[in-house]
Amino acid sequence: MTGDSRAPVDKQATGSRPVATYRVQLTPEFGFDQAASIAGYLADLGISHLYTSPYLQAVPGSTHGYDVVDHTKVNEDLGGEQAHARLLKALEEAGLSQVIDVVPNHMAIGNDRNRWWWDVLENGAASRYARYFDVDWDPPQLKLRHKVLIPVLGDHYGKELEAGRIVVSRQNASFVVSYFEHRMPLAPRSLALILERGSERASNLELESLAAAYERLPDSSKTDAASVHERDRDRQVLNARLAGLLDEMPPLGPVLDAVLRDICADPDDLDRLLERQNWRLAHWRTGAFELDYRRFFDVDHLVALRVDDDAVFEDTHGLVLGWVAEGSVTGLRIDHPDGLTDPQGYLERLARRAPGAWIVVEKILQVHESLPEAWPVAGTTGYDFARPATGLFVDPAAEDAFTDIYREITGESRSWEEVAEAGKQRVVREVLATEVNRLTVLFAKVCERHRRYRDYLRRELAEVLRAALESFGVYRTYVRPSGEAASADVERVTEAIVRAARTRDDLDPELLEFLQDLLLLRVEAQPDPDDGDGRGLVPEVELALRFQQLSAPVMAKGVEDTALYNYNRLVALNEVGADPGVFGTTPKQFHDWCLQVQKSRPSTMLGTSTHDTKRSEDVRARLAVLSEMPELWRSKVLGWIAMNAASRSPLLDRNIEYLLYQTLVGAWPISADRLAAYMEKASREAKAQTSWTEPNAEYDRALSDFVKQILADPEFVSDLEEFTGRLVGPGRINSVAQTLLKLTAPGVPDVYQGCELWDLSLVDPDNRRPVDFEHRRRLLSQLDAMSPEEVMKRSDQGLPKLLVLSRALRLRTRSPESFGAGADYVPLPLEGPHRRHVLAYSRAGSVVAVVPRLVAGRPEGWGRARVAIPDGRWLNVLTGDTDTGGWRPAGQILQRFPVALLHRLE
């Protein structure tokens, strides 16, 4: 019973390695002061690091913090600098450190709150911040040359213009265009038109002089350093002159206001003014096809940053790195690294600037994928742990039965792979069409530089790109501009191209092969003096980098946000980073995963619930129980379908109804309002009958009505409660077992807010509801005086889960060497005919974890399955019992409490 003798490779210094993290979602209602108030409670629980959502200045009212508008200050809505200082003091007094969520990939377009973006809108490509954002200033559409598309109009531009809904107004010496809540600045040169008319009305020579001076400013298309400097200098001087003139001569203000009213009253005049801007207003639908800046996924109001630029990195990370330097922040969670041009380069720079910090990345790994070896990070944010941890409690033997049940009830015969492929196809052709269009233009430019490929039609190039994107089996590759592609990247690109060729026999194999060579940087190319990338990249290299950046959102939107809401065979398996086509995890697979992590990334984060999970850990733990009773489940669902037939609209399909019943049994008790809100989100994400961009009001109403009607039916609710009651007990055992695994497996456990007790939350925003921390504090204070039997009697309050969490965290604090980077993970031998119902392992020879699995279907006498406990004297820290090593019946080990955590007594 010995583990791998090779020392594990920890990618970072272990000095800042947390004992455990506790994730909180900061909101205007739960800001810095509220987070400070729970510091003592978290310390008592055994947490070492408060792990917060992003808290740099975000869009006012933001409930998540990922829409940053100013990297130079903390969020005012959370309490501002003074409240932040109080939080840091409270954490220090409680002996806690902090992990903060960092958003390097994008910023929010928040009107003038985002000073950098406002400057870009005002000054175009000549803005000193133009290089901060990933904007294509030279797109193929002439109408967008040197302009930023702003797709916010509710109707076509001409109609909105003629309806008077686009308005120009003045605020002192600043001129702003407004469309409802949207605001845009006027370009300095366009002020000449307004000031010239004002000078004529007021007979003011100074206004006339200013108008001429504004007109002489260098055009915003001139982006050489001298022109940018001259323009910025003169613009500031002119703005100051105009402001001074308006202060000296107050009557001029009303004159200019009258000019603006006249311009707004004449659609032709207003159109002439708007055409002189560095931006172009458009119908909101055009964003999906013509947007000329890179977005975060498909969110138009989140614009991508070029954080690979030195100045951008410094300006976006300065405040956070200052906290790291002073020691108030010792851990960084990096949001969406797959959106970056060069994730490895970014992480290497970050590691240099934050030496010793514990850094984890929100990287979604597929089942057989690992983090790139060269990334200097501790690991991921834990989705890859949630996958085997949940699957361990799903019975693989029930796969065929559940496949048959799903087909019988819904008529759905497609495999998960087919559903995922359809989801990717949809987002490539609709949701991310503008990104594909931009990539096609670049591909055409590349082909024009290689005579063998220059005659391919734009349509052919687009289809090859789409086929390759749809065929990718991972989020992205990580080919860098310098050096050869890693073997893993070569394999993934090759697999995608082979799959595309197999599924699309209409595509030219030679063009597919050329794309493969481009993506692996095998095509030699000379520098292009007319390259518009702005980073000195030849088009061939730029194509490879941008393809990698696009394949990630294709997976995220096509699989996470589409397919996972369409394939409902057993939704306990439908999680971020999971593979619903893999029905369950065997004990050997779980052990193999842990052994690999201990060898490669022993300080990775282990998560089971996050702010982005589709269902909480407890919902999934309960739903897993269904795999142990397929025939009973089939009978119940068929009965409910018949029972609710009169309430169901013909618009509703069986697939959404099947999802509804799984959601009910997983999250019960749940209110009609909460359930209706979830079902609306689920159906719109599925995009089968309704969607966020094209909502079907009749369908949405029918689904909401159905939810409310069946929950108002006493007969249905009674039958639902009777059946769900059979799942509650086994589901809770699954939950405490899963919790113990997270607390003892290789890595750093994370607790999502509120999940120290039972938490039956669904996808956001449901999982961001307020948490009653005072209630949890009271329960924690009572635990030490309670026996295991008393804890189990109060199971409804979540005490078993709290006991496991608090006792295991105390042990991690008291015995860090038993869980650290050098702590061996050793699966323990089992024997007996029912050994598949038990899983056990040791850490560093000093800690043993024993958990049951598939508990609802355990046969009589399962407890006689025996575990080989290493020799020695052991204390069960959950019960206080002591024992010696040797072969021990599982029933004896788990007699007083559902799981066991043994610590060797010296």
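In this text the structure is predicted, and so the values were computed from the model without any measurement.

Asks: Would you mind going over the overall build of the protein chain in detail, with residue names and values included?
Replies: Across its full length, the protein chain holds 32 helices and 25 strands. The C-alpha atoms of the protein chain give a radius of gyration of 30 Å, which matches the 29 Å a tight globule of 906 residues would have. C-alpha atoms of the protein chain, sized along the principal axes, occupy 100 × 60 × 60 Å. Here the protein chain, with 906 residues, has 60% of them falling under the buried criterion. In the protein chain, of all internal contacts separated by at least 6 residues, the share reaching a separation of at least 24 is 75%. When the accessible surface of the protein chain is totalled, it reaches about 34500 Å², and 49% of it is carbon and sulfur.

Asks: Explain the pattern of salt bridges to me, using residue names and the numbers behind them.
Replies: Per the stated rule, a full pass over the model turns up 81 salt bridges. The partner of D257 in a salt bridge is R170, with the nearest N and O atoms 2.9 Å apart. One end of the pair, D257, is in helix α9 (residues 252-265); the other, R170, is in strand β8 (residues 167-171), and 87 residues separate them in sequence. Using a relative accessible area of 23% as the deciding quantity, one classes D257 as partly exposed. With relative accessibility at 22%, the residue R170 sits in the partly exposed group. Here R776 ties to E756 by a salt bridge, and the two come within 3.8 Å at their closest N and O atoms. Of this pair, R776 sits in helix α29 (residues 773-783) while E756 sits in the loop between β18 (748-752) and α29; the two residues are 20 residues apart in sequence, bridging distant segments of the chain. It is possible to trace a salt-bridge network through shared partners that takes in R429, E463, R466, E470, R504 and D506.

Asks: Could you give me a rundown of the environment of R189, with the residues and numbers involved?
Replies: Looking at where R189 falls in the secondary structure, it is placed in the loop between β10 (182-185) and α6 (191-202). In this view, R189 contacts Y214, E215, L217, P218, D219 and R276; residues no more than four positions away in its chain are not counted.

Asks: Explain the pairing of strand β14 (residues 331-334) to me, and be specific about the residues and the numbers.
Replies: Side chains G331 and R333 of β14 all project onto a buried face; the interleaved residues L332 and I334 project onto the opposite face, where all are buried too. Note that strand β5 (residues 97-102) and β14 share 4 bridges and pair parallel. From the neighbouring strand, I100 faces β14, where its bridge partner is L332. Pairing of β14 with strand β15 (residues 358-361) involves 4 bridges; the strand directions are parallel. Residue pairing in the sheet places L332 in a bridge with I359 of β15. Considered for its hand, the β-α-β crossover made up of β14, helix α13 (residues 343-353) and β15 is right-handed.

Criteria and cut-off values
Residues numbered from 1 in each chain as written. Predicted model: local features only at pLDDT ≥ 70, side-chain atom pairs only at ≥ 80, totals over all residues. Heavy atoms only, no water. Helix = DSSP H or I, 4+ residues; strand = E, 2+ residues; numbered from the N terminus. Rg over C-alpha atoms; globule rule 2.2 N^0.38 Å. Buried < 20%, exposed > 50% of the residue type's maximum accessible area, 1.4 Å probe, protein only. Contact = heavy atoms within 4.5 Å. Areas by Shrake-Rupley, 256 points an atom, 1.4 Å probe, with all protein chains shown as cover. Salt bridge = Lys/Arg side-chain N within 4 Å of Asp/Glu carboxyl O. Pairing = 2+ DSSP bridges. Right-handed = clockwise from strand over helix to strand, strands pointing away.

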